[in-house]
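Here is how the chains run, residue by residue.
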Amino acid sequence: AVCIHRPLLARLVKMKQGHFKPPEPDDPLCCCGDIDQQRESCCCDCEELDDACERLLRVDSEKPDVLFRLVGGVMNCLGFSCSTLGPIRVELSILPPMLLLPVLLRVAALHCMLGVVVLTALPGLVLWYYYITHRRKRQTLFFLSLALFSLAYMYYLFLTEIMPRGDVSNQQLVTVTTGMVLTLVSLVRTKQGPGFVQDNPPRPVHCSVTSTSQSKLCGQDPIHFNGVSQSEYPVRGKRKWCPMCQLVRPPRSGHCRICGRCVLRMDHHCIWINCCVGQGNHRHFLLTLLLFLLTSLYGISMVLHSVCPRRQSVFTALLYCPGVYSQYSTALCFTCVWYSCIVTGGLLHLLILQLINISYNVTEREVQIALRNRTAHRRYCGLVVETGIYSHGLRHNWAQFLTMHTPDGPPLSLTDMV
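Residues numbered from 1 in each chain as written. Predicted model: local features only at pLDDT ≥ 70, side-chain atom pairs only at ≥ 80, totals over all residues. Heavy atoms only, no water.

Draft legend 1. Summary view of the overall build of the protein. Within the protein, the secondary structure is distributed over 14 helices and eight strands. Residue burial in the protein is summarised as follows: out of 418 residues, 44% are buried. When contacts within the protein are restricted to residue pairs at least 6 apart in sequence, those whose partners lie at least 24 apart make up 64%. Surface exposure of the protein reaches about 23,300 Å², of which carbon and sulfur atoms provide 62%. (Helix = DSSP H or I, 4+ residues; strand = E, 2+ residues; numbered from the N terminus. Buried < 20%, exposed > 50% of the residue type's maximum accessible area, 1.4 Å probe, protein only. Contact = heavy atoms within 4.5 Å. Areas by Shrake-Rupley, 256 points an atom, 1.4 Å probe, with all protein chains shown as cover.)

Draft legend 2. View of helix α13 (residues 394-403). Within the sequence span of α13, burial applies to N397, Q400 and F401. Viewed end-on, α13 has its buried residues packed into an arc of 100 degrees, placing them on one side of the element. Away from its buried face by more than 90 degrees, α13 exposes R395, L402 and T403. Taken together, the buried residues of α13 touch α9 (282-307) and α11 (328-359). (Arc of directions from axis to C-beta.)

Draft legend 3. Inspection of the nonpolar core at higher detail. The biggest cluster of nonpolar side chains holds 37 residues, and the ones touching the most others in it are F158, I162, I273, V303, L304 and V337. Broken down by secondary-structure element, the contributors of at least two residues to this core are α6 (142-162), α7 (170-190), β6 (275-277), α9, α10 (314-319) and α11. The biggest single contributor to this core is α9, with 10 residues. Apart from the residues lying within four places of it in its own chain, the contact partners of L304 are V314, A317, L318, F334 and V337. By size, the runner-up hydrophobic cluster in this structure holds 18 residues, among which are V126, F142, L146 and M154. (Core = buried A, V, L, I, M, F, W, Y, C linked by side-chain atoms within 4.5 Å.)

Draft legend 4. Inspection of the UniProt feature "transmembrane region" (unreviewed entry) in the protein at higher detail. Following the UniProt record, one finds the feature "transmembrane region" (unreviewed entry) at residues 108-129, 141-159, 171-188, 285-307 and 327-352. Across residues 108-129, the secondary structure splits into 86% helix and 0% strand, with the terminal C-alpha atoms separated by 21 Å. With 100% helix and 0% strand, residues 285-307 has its two end C-alpha atoms placed 33 Å apart. (UniProt positions renumbered as here; feature names shortened; annotations may be inferred.)

Draft legend 5. Fine view of the confidence of the model for the protein. Per-residue pLDDT for the protein averages 75, and the proportion of residues at 70 or more is 65%. Of all the helices and strands in the protein, helix α8 (residues 212-218) carries the lowest mean pLDDT, 39, while α7 carries the highest, 95. The low-confidence segment residues 19-25, where pLDDT is below 50, has 12 contacts with residues more than four positions distant or belonging to other chains. Overall, residues 202-225 carries pLDDT values under 50, and its contacts beyond four positions in sequence, including any with other chains, amount to 38 contacts. (pLDDT = per-residue confidence, 0-100.)

Draft legend 6. Geometry of the packing of aromatic side chains. All told, the structure shown has nine aromatic pairs when counted by the stated rule. Seen from their ring centres, F149 and Y153 are 6.0 Å apart, and the 15 degrees between their planes marks the pair as stacked. Of this pair, F149 and Y153 both sit in helix α6, four residues apart, which is roughly one turn of the helix. Since its relative accessible area comes to 8%, Y153 is described here as buried. (Phe/Tyr/Trp six-rings, centres within 6.5 Å; stacked < 30°, edge-to-face > 60°.)

Draft legend 7. Quick look at the state of the cysteines. Taken as a whole and assessed by the stated rule, the structure comprises one disulfide. Between the sulfur atoms of C308 and its disulfide mate C321 the distance is 2.0 Å. Between C308 and C321 the disulfide shows an S-S torsion of about -125 degrees. By sign, it is left-handed. On the criterion of sequence distance, the pair formed by C308 in the loop between α9 and α10 and C321 in the loop between α10 and α11 is long-range, its members being 13 residues apart. Each of the two residues, C308 as well as C321, counts as buried. (Disulfide = S-S within 2.5 Å.)

Draft legend 8. Highlighting the side chain of T295. Structurally, the position occupied by T295 is in helix α9. Only 2.8 Å separates the side chain of T295 from the backbone oxygen of L291, close enough to count as a polar contact. Excluding its chain neighbours within four sequence positions, the residues that come into contact with T295 are V176, G179, M180 and T183. (Polar contact = N/O pair within 3.5 Å; in protein donor to acceptor, adjacent residues only side chain to side chain.)

Quick look at the structure:
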């Protein structure tokens, strides 16, 4: 027989009646995840029960990924067996950006109205696929491959379509190439790891308890264990027991259901790099965004000055560039400029939010939790969300962010970085 806790059964009944909301990522369903209760034993497997109940509450069965089913159906029509696709399920997500992006951009360059339709539908398709993958808490290489292939394809068109026109000097080419290389190097540094929570140190000898969970909670962390200074955080930042990783999370840490690990000072899980942003890579993440935005804006300005013969500003040339559709080459470059502007605008918004959060010493995860619990204060039309817990002034907040200790972990292999 399957053993289910009474509190969990009550949650299911309330959810059925519509009086209870689905659990949040840090809200365990099993009694073992509650520190205050400190149950000595549990009659179920917490991890399996949490996952099964989440699927039950969301009415989400174990269905294969939409992209995997689509590719599997095409392979069946071609006469290939679907069983051969099992081991490479994750890698299939890198194919659509490489195949669809050049086709859609070239179709959009055929006419102005086609460009409007394609550039409007393309972000909608990306957001739809993001919703599908994020709702199922699954990793995918779709967004990372889309970002990398978009960068490579824009650089390829710059070399093949803009450089032959003679409007770009060698110094400008070196500047764009250097910016792209530095962006990729910073991305690699970001992918080296967000700073995962390591196993807890051995507990003191005088600590004697019988429960396994209590014995782990009784251990006292050293001053800089896991790269976190425990003396900086008061009692209000109490530690929590993670039933998934079977360890005590330091203050401001969080468990990522997509990565399956606890992350130090977790900010958010970024789909564009297929990695969490935490204490170990937050600074490199900001540097990657800044380098990409500077390189993209510089490249957009050069392309517009080349395809638009009139001496116009960048903003004017985006809206009014006469004769740009007279040649397919200039129309393709102009379409790619608009595509780059859409991507740049989204990343610029992300960078602004990151800078605001750092200025108030709050992470994106803490913002979402505070808004859910109604303990935060919105300012400036909701652009600024202040929790008032860890903020000590603009200067001190940035000094703490730039000098926070990065824990030394085991080196990651190339497969782990991807």
